[in-house]
Amino acid sequence: MLLWSSRLFSLIIHYPLRHTCTFASAKKPWWNLGSSAATVFSRTLTSMEPKDTEVTNTTSSPLPTFTEVSADLQSPAAAQAPNVNTEMPAVGLLPGETVVKEGRANILYPNANEVFYNPVQEFNRDLTCAVITEFARDVLAQRGVKLVVPGEKEKVVVSLSEEKNEADSQMEEENGAEEPAVTATVGEKCDTGLRVLEGLAASGLRSVRFALEVPGLKSITANDFSHKAAALIARNAQYNRVSHLLEASCKDASLLMYEMRGKKDRYDVIDLDPYGSPSCFLDAAVQAVSEGGLLCITCTDMAVMAGKRGETCYSKYGSVSIKSKYCHEMALRIILHSLDQRAAVYQRYIQPLLSVSVDFYIRVFVRVFTGQAKVKNSASKQALVYNCVGCGSFHLQSMGKRIDNGKNMKYSAATGPPVGRECEHCGQRHQLGGPLWAEPIHDSSFVHKVLSAVSGNPSRFGTTKRIEGMLSMVTEELEDVPFYYTVDGLSSTIHCNTPPLLQFRSALLHAGYRVSLTHACKNAIKTDAPPSVIWDIMRCWEKVNPVRREKLSETSPAFRILSTEAKLEACFTVRNDANPQSRKRHLTRFQENPQAYWGPKARAKAW
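Parameters and conventions
- Residues numbered from 1 in each chain as written.
- Predicted model: local features only at pLDDT ≥ 70, side-chain atom pairs only at ≥ 80, totals over all residues.
- Heavy atoms only, no water.
- Helix = DSSP H or I, 4+ residues; strand = E, 2+ residues; numbered from the N terminus.
- Contact = heavy atoms within 4.5 Å.
- Areas by Shrake-Rupley, 256 points an atom, 1.4 Å probe, with all protein chains shown as cover.
- Pairing = 2+ DSSP bridges.
- Axes fitted to C-alpha atoms, helices over the stretch in contact; angles between N-to-C directions.
- Buried < 20%, exposed > 50% of the residue type's maximum accessible area, 1.4 Å probe, protein only.
- Phe/Tyr/Trp six-rings, centres within 6.5 Å; stacked < 30°, edge-to-face > 60°.
- Lys NZ or Arg CZ within 6 Å of the ring centre and 35° of its normal.

Engineer: Where do I start with the overall build of the chain in this structure?
Structural biologist: Counting its secondary structure elements, the chain contains 19 helices and 22 strands. Across the chain, contacts joining residues at least 24 apart in sequence account for 72% of those joining residues at least 6 apart. Accessible surface for the chain amounts to roughly 28,400 Å². Of this, 50% is attributable to carbon and sulfur atoms.

Engineer: Explain the sheet that holds strand β16 (residues 394–398) to me, please; I cannot follow it from the model alone.
Structural biologist: Adjacent strands of a sheet pair through backbone hydrogen bonds, lying either parallel or antiparallel. Spatially, the three strands line up as an open sheet ordered β16-β15-β19, and their pairing is antiparallel. In the strand order of this sheet, the two ends are held by β16 and β19 (430–437), each with one partner. Neighbour to neighbour, the strand axes of the sheet diverge by 25° on average, direction disregarded. Where strand β15 (residues 382–388) and β16 come together, five bridges link them in antiparallel fashion. Within the sheet, the bridge partner assigned to Asn-387 lies in β16 and is Phe-394. Those strands touched by helix α11 (residues 327–344) are β15 and β19, and its axis lies near 50° from that of β19.

Engineer: Just to check I follow, could you spell out unusual backbone geometry for this structure?
Structural biologist: Most of the time, phi is negative for any residue but glycine, and the peptide bond is trans. Put simply, Gly-416 and Pro-417 share a cis peptide bond, and its omega is 0°. Mapped onto the secondary structure, Pro-417 falls in the loop between β18 (409–413) and β19. Backbone geometry places Phe-483, a non-glycine residue, at a positive phi of 70°. Structurally, Phe-483 can be placed in the loop between α14 (464–476) and β20 (485–486). Judged by its relative accessible area of 1%, Phe-483 is buried.

Engineer: Please explain the sheet that holds strand β21 (residues 515–518) as it appears in this structure.
Structural biologist: An order of β20-β22-β21 is seen for the three strands of this open sheet, with the pairing classed as antiparallel. The open sheet has two edge strands, β20 and β21, and neither has a second partner. Sheet analysis places β21 next to strand β22 (residues 521–527), joined by three bridges and oriented antiparallel. By the bridge assignment for β22, Thr-518 is matched with Cys-521.

Engineer: Which parts of the structure should I look at to understand the packing of aromatic side chains?
Structural biologist: For any two aromatic rings, the description comes down to two numbers: the centre-to-centre distance and the angle of the planes. Throughout the structure, instances matching the rule amount to seven aromatic pairs. Measuring from ring centre to ring centre gives 5.0 Å for Tyr-326 and Phe-394, while their planes differ by 65°; the resulting arrangement is edge-to-face. Taken together, the positions of Tyr-326 in the loop between α10 (310–317) and α11 and Phe-394 in strand β16 put the pair 68 residues apart, joining distant regions of the chain. Judged on exposure class, the residue Tyr-326 and its partner Phe-394 are both buried. Residues Phe-360 and Tyr-361 carry aromatic rings whose centres are separated by 5.3 Å and whose planes lie at 70° to one another, so their mutual orientation is edge-to-face. Of the aromatic side chains, those joined through ring pairs into one cluster are Tyr-326, Phe-394, Phe-483 and Tyr-485. When the ring centre of Phe-483 is taken as origin, the NZ or CZ atom of Arg-333, which lies over that ring, is 5.8 Å away. Looking at Arg-466, its charged tip hangs above the ring of Phe-123, at a distance of 4.7 Å from the centre.

Printed below as a string of structure tokens:
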């Protein structure tokens, strides 16, 4: 027989949780919240036949008391933290609730609501924890704080040179090579640490994981506009014993960020992971983040950003998307353009650290700085793209021009266009897209730090192999080459067999051009070779694998391209440097679909 016990906890929205002794009627539902507080019942179930599972549902199996599971919920670092309250009131499970374990967090979900938990997004959350950890390591090192990450045995970031030069040794002797006196561990509040905001927290899973897995944090604000979601966040904070670090908030995310625009109030890290487009939050976000702070932005409206709804994309991001083979990288450059444009209004500019296209969404990590002189470079960082609808050749047109004279920078209008009325290769028309970000979308040195940390501590995350494979490809990408060609797309244009990837890469290398793969598309290449060289290589390949030209229409792109003689004699002998390390090591670069119907879930209705 089940024994029920109910207690009342007053959850003060946007302020740290406090235990009260006020009781309410058992008939009143726990999610009935006032404007400033939420009344929650905590119920504990006991049973004669306990059952140990990682996912527990009260409708099908008995639940252990909070005291029985507290040892599993508390991380070793949190147990050693002096300010962790180990005598926090017990938070039990309500009927129908499910406990989901991810990373070090154990999260309560009402009625097994799949809207609030998508296991495919674990990669997103793991990657975010890894990025914020390295960002905190860099920032807090300047404040004399050393991070202690569970599982790390040695210092992760090492010098690229094996031997120190005399100047470095002398500088270490002068400044002292002592380790920072202050250390920060996970689950422990760091007085000089980072202030984090999760603007759209839902259940609070991401914020709880920050508290349990990312050291060097001063506070975490988990905000959601829904009163019910905010109450659930507060319960999850208590359930995971991180209420000393995590506070629940129930406000409009934009309003909350606008209220924190003051220089002393800004957040060091702002994470926005909305359902759909984040466009309505970007203006507030670029103002509410601190100097040199980190913005973590997710976009799931890929149909809009990948060219299906170009007019809608312009209304949201100030850029026209077009249908193309490189649509996923174009989406990344569109959101970076939008962030930089909105930041420039307030004399601020962005520095991309990492930009990835994953599954059904894109994710960017950028730092925001203030500087009137640097903001003037913004126009020259944006570009329009001319894309041929026939053969897929593309050309970029910069929005501005800057010349460095040494002492100062000279700015002028850009000249163009880079193409004629018709494509020189196939005679078809061009589509115009953009403006979009034309500068590098990654910071190679920072990505190497994250990759080194993840590889050196493989047990920290559940998706370590995929993170390692993804970041390895990112480090191999050509930084100064926007967009890419797909080998099967080139072959489809002229209706010939697809050349092997290594042979095609070797042909470009033999011709004297640089080439790399891209994380955004499996069978694609990035190269600094002009379209004329690309099509010359395809013409040479077609000679070895001939096409029945009598079946080609005289107005088709294939006929026009193959009717022109190649000026370059391509060599398809495979070179040793044609195969990148990520491919040689068989890293998990593009994983298979993890499960059926694994994409984005339906929008929440009851919440």
